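Inside the fold
For reference, the chains in residue letters:
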Amino acid sequence: MKQILLFACMLFFAGFTYAQTGGIAGKISDKDTYDALPGANVVVKGTSKGATTDVDGNFQLGELSPGSYALEISFIGYELKEIFATVRSGQVTQLGEIRLGASLIGLREVEIIASMAVDRQTPVAVSTIKADYIESKLGTQEFPEILKSTPGVYTTKTGGGFGDGRINVRGFDSQNVAVMINGVPVNDMENGRVYWSNWAGLSDVTGSIQVQRGLGASKVAVPSIGGTINIVSKASDNKQGGSLYSSIGNNGYKEFGLQVNTGLSEKGWAMTLQGSRKEGAMYMDGSEFSGFSYYLNIAKQINTHHLLTFSVIGAKQNHGQRENKLKIDDYRNSPNGIRQNNDWGKLGGDVVHVEDNFYHKPQISLNHYWTINETTELSTAVYASYGSGGGGGQGGDGGLFTIRKGGKYGYIDLDNIVNVNEAANANGEGAVSYLRASRNDHKWYGLLSVLNKEIGSNLKITGGLDLRSYRGSHFREITNLLGADYVVDNSDINNPNRVLSVGDKFSYNNDGIVGWTGLFGQAEYTYEKLSAFVSATVSNTSYTREDFYLYAPADQKSEKYNFVGYSVKGGANYNLNEHQNIFANIGYFERAPYFNAVFSSNTNNANADAVNEKVLGLELGYGIRYSKTAITVNAYSTQWKDKSFTRRLNATDGREIYANILGVNALHTGVELEMTYEPLPGLRVSGMASLGNWKWQNNINDVNIIDGGTVIGTVDLYIKGLKVGDAAQTTAALGADYELFKGFKLTGDYTYATNNYAYFDPLGRGSESDEGIQPWEMPAFGLFDFGMIYKFPIVGFDATIIGRLNNAFDTEYISDSNDGQNHDAYTSNVFYGFGRTWSLGLKLRF
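Notes on the structure follow. Note that the structure is predicted; figures quoted are calculated from it, not measured. (Residues numbered from 1 in each chain as written. Predicted model: local features only at pLDDT ≥ 70, side-chain atom pairs only at ≥ 80, totals over all residues. Heavy atoms only, no water.)

1. Remarks on the sheet that holds strand S23 (residues 344-347)
Formally: Here, any two strands with at least 2 DSSP bridges between them count as paired. Segments assigned H or I by DSSP are reported as helices when at least four residues long, segments assigned E as strands when at least two residues long, and all are numbered from the N terminus. Two residues form a contact once any of their heavy atoms are found within 4.5 Å. Whenever a helix is involved, its axis is fitted only over the stretch in contact; in every case the axis is a line through C-alpha atoms, and angles between N-to-C directions fall within 0 to 180 degrees.
Spatial ordering of the open sheet is given by S24-S23-S29-S28, a layout of four strands whose pairing is mixed. Taken across any chain shown, the strands that pair with only one partner, and hence form the sheet edges, are strand S24 (350-353) and strand S28 (404-405). Relative to S24, S23 is paired through four bridges, and the arrangement is antiparallel. For Gly345, the partnering residue across the bridge sits in S24 and is Val352. Strands S23, S24 and strand S29 (411-413) of the sheet are contacted by helix H6 (residues 414-426), whose axis makes an angle of about 60° with S23.

Laid out in structure tokens, this is it:
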């Protein structure tokens, strides 16, 4: 009885105490877009008591004694806001919606030109990643790997060289995924690829990444099949400050960086300057790298109507590569295990990367944002990009590069090649073997202008112009004669039997000239719970080829070939209530074939069969949002017709010949799920699942084999019903972030991939006996990553320590494969993913 009375007294006094306290609640959103800001911090000024907003931007502070309080509200990229609230006994004071303005100058304007999607309004499947997530989760991973927990996305490090990562979205590689930085397209104008090593410092200056899967919301005439990746860099900050950061990792990884913000001056100027240096080695042998990156953003607020920004972003790097996949047995038999790399050697005791990559591609942009009136805005970007670099390799007698120190799995004995070449010198002969580079320099200029006009309160009209001019220069050059005095080349008909030294061009020397003119328009309608859009684009792509070796000067430039493409798409989102929404979109576009499909034989003879590729996309989705839960599920279908391939083959006499594959069709369908849940204060759980079914749809008859521009024969291909390879068709992820105490957070992430089929060349399926035999399916794998973030003040700085452990359990797994002759594990060539890696970094903000 005494215990019951005591318990009753405790309940009474506890209830009495609770009745004497109160709380404060509200919602934090963006001032301009009204989007909720999940993860914003709300702190009682002068105390450590605070709360973090949930997925809908809501927060609640409890157990506050009656009285007046000052609250400080902060979110990365937004101005610090201080508000006052009065707490009454036993009540929760409702502050309603509190809107924060961006502290980054020009951020809203950049997001408009970049076509960033809005939750519960833009009818596309979308995932958005903010700067703090990138900072806490990336570590020493490749930049695309920050997206590995996104539905429909598969990322790998390929061979494992610095910056050699790749990304596939819904089974489509980078040629078919539009990548934009601040609204400016960066896919190669000739082949559509994205080389992430060109953007090695991008993670340091990224403000947000948005992955729009499927046709996406981009208004610009960049027809993407798999999706669109919008990367928005950090703009100049209103406030003065900056940061110092340094990190270390496995294999001698070191990084040091500095960022400085001048803040907005009285005359309307602001500047952000960032630079970083990275060096070390990757996980496998022969993968040393070094590079530096830089970023400059200057903003001038001319008046309330005009804003100018000037930005430069770039990274200069060089790194050793692992270019060639090996058999599984080779990795097992090698004393180096999965670190085995056959593409490096030693010369005079120093490491030499036989296969390497070196590149520098700064992008310069001048943006003007003009608020013409309350309903009309014009945004214009003029940009230029200058690329210089390429990839290394071997030349001459390839057999000498198979002689290795330490046996089959040792490094290439380059000293032996020097001895052979010196003996050739004594006989008055040129180099037997040497090192060379395949260069791909370019000059790229563009203009992108977008006009937005609001008509009434429900209709917005957008239109614009997209102009691009590109010249890519392709040639080989001698990089190291390995002890020889010279090498003789006979590939230039205008200068036969040339004697070459280091730095001279040889083998081939041609330019690809690409022009692009695009127009686009979009109408967006919103009324109460409904938002809808319809858009259309039209573009003309022109190709010209100029060859300096195969033709006399008067005949070096080809005719210009034009391809008109267009797109039409539309969609709608309907908010069923304040928690649930449904959306759908549909689109069709025709895209010009890539440059190599038009000039398929590496001559100026154009491919008369080149036609536009055609894509039809459909998508349906459903979303649900509650204060602690957000779930989105969507289904998609992408029909791809007239996909073109060009494959280079070796004739029996060693010459290169080409196969021109046209009319290939594929169907990609799937279901995707993404969710977040906050079951406890400080604990956030996220997850995703993606189930895909991607297949080639038809066999191909009479594929042309071209020799010197002439069709010399045909073959048939049997690929109907085969799985599309090179990306896992089923992926899943589960993650958790838990704030153990104020400022200290632990993170854990699990990613899973299965139904992962090896890449295969359709030309390898030329026999009826191949029909219906699937490419080799790589084993499923699951990886655990762990992290730690601790934020604390120290001697005037806001310090952050970040530790990462990726593949924490050192799981051995195959990430990439080329299908083998027997379509099995024994004959396929593979890359293994990295084992356990770690990093530890410190950032000091001032």
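2. Concerning the environment of Gly670
Relative to the elements of secondary structure, Gly670 occurs in strand S40 (residues 656-680). Residues within four places of Gly670 in sequence aside, it is in contact with Asn634, Ala635, Tyr636, Leu691 and Gly692.

3. A closer look at unusual backbone geometry
The backbone of Asp726 shows a phi angle near 85°, a positive value even though the residue is not glycine. With respect to the secondary-structure elements, Asp726 resides in the loop between strand S43 (710-717) and strand S44 (728-741). Even without glycine at this site, His823 takes up a positive phi of about 60°. With respect to the helices and strands, the residue His823 is situated in the loop between strand S49 (814-818) and strand S50 (829-832).

4. Topic: the environment of Val514
With respect to the secondary-structure elements, Val514 resides in strand S34 (residues 505-527). Residues Val514 and Leu662 lie 148 residues apart in sequence; the distance between their C-alpha atoms is 22 Å. If near-sequence neighbours (up to four positions away) are discounted, Val514 is found in contact with Met189, Glu190, Arg468, Ser469, Tyr470, Thr541, Ser542, Tyr543 and Phe595.

5. A word on H6
Selection criterion: In this scheme, a helix's expected span is set at 1.5 Å multiplied by one less than its residue total. Accessible area is worked out with a 1.4 Å probe on protein chains only. A residue is then buried under 20% of its type maximum, exposed over 50%, and partly exposed in between. Of all possible arcs, the one meant is that of the directions from the helix axis to the C-beta atoms. Identification of polar contacts relies on pairs of N or O atoms within 3.5 Å, with a donor-acceptor requirement for protein atoms, meaning one able to donate a hydrogen and the other able to accept it, and with residues adjacent in sequence counted only if both atoms are side-chain atoms.
An ideal rise of 1.5 Å per residue puts 18 Å on 13 residues; H6 measures up with 19 Å between its terminal C-alpha atoms. Taken together, the buried positions of H6 are occupied by Leu414, Ile417, Val418, Asn421, Ala424 and Asn425. The buried residues of H6 all sit within an arc of 120° when viewed along its axis, so they share a single face. Buried residues along H6 sit in contact with S23, S24, S29 and strand S30 (433-455). Between the side-chain oxygen at the start of H6 and the backbone nitrogen of Asp415 there is a gap of 3.3 Å, and the oxygen is on Asp413. Among the residues trailing H6, Gly428 stands out with phi positive, at a value near 75°.

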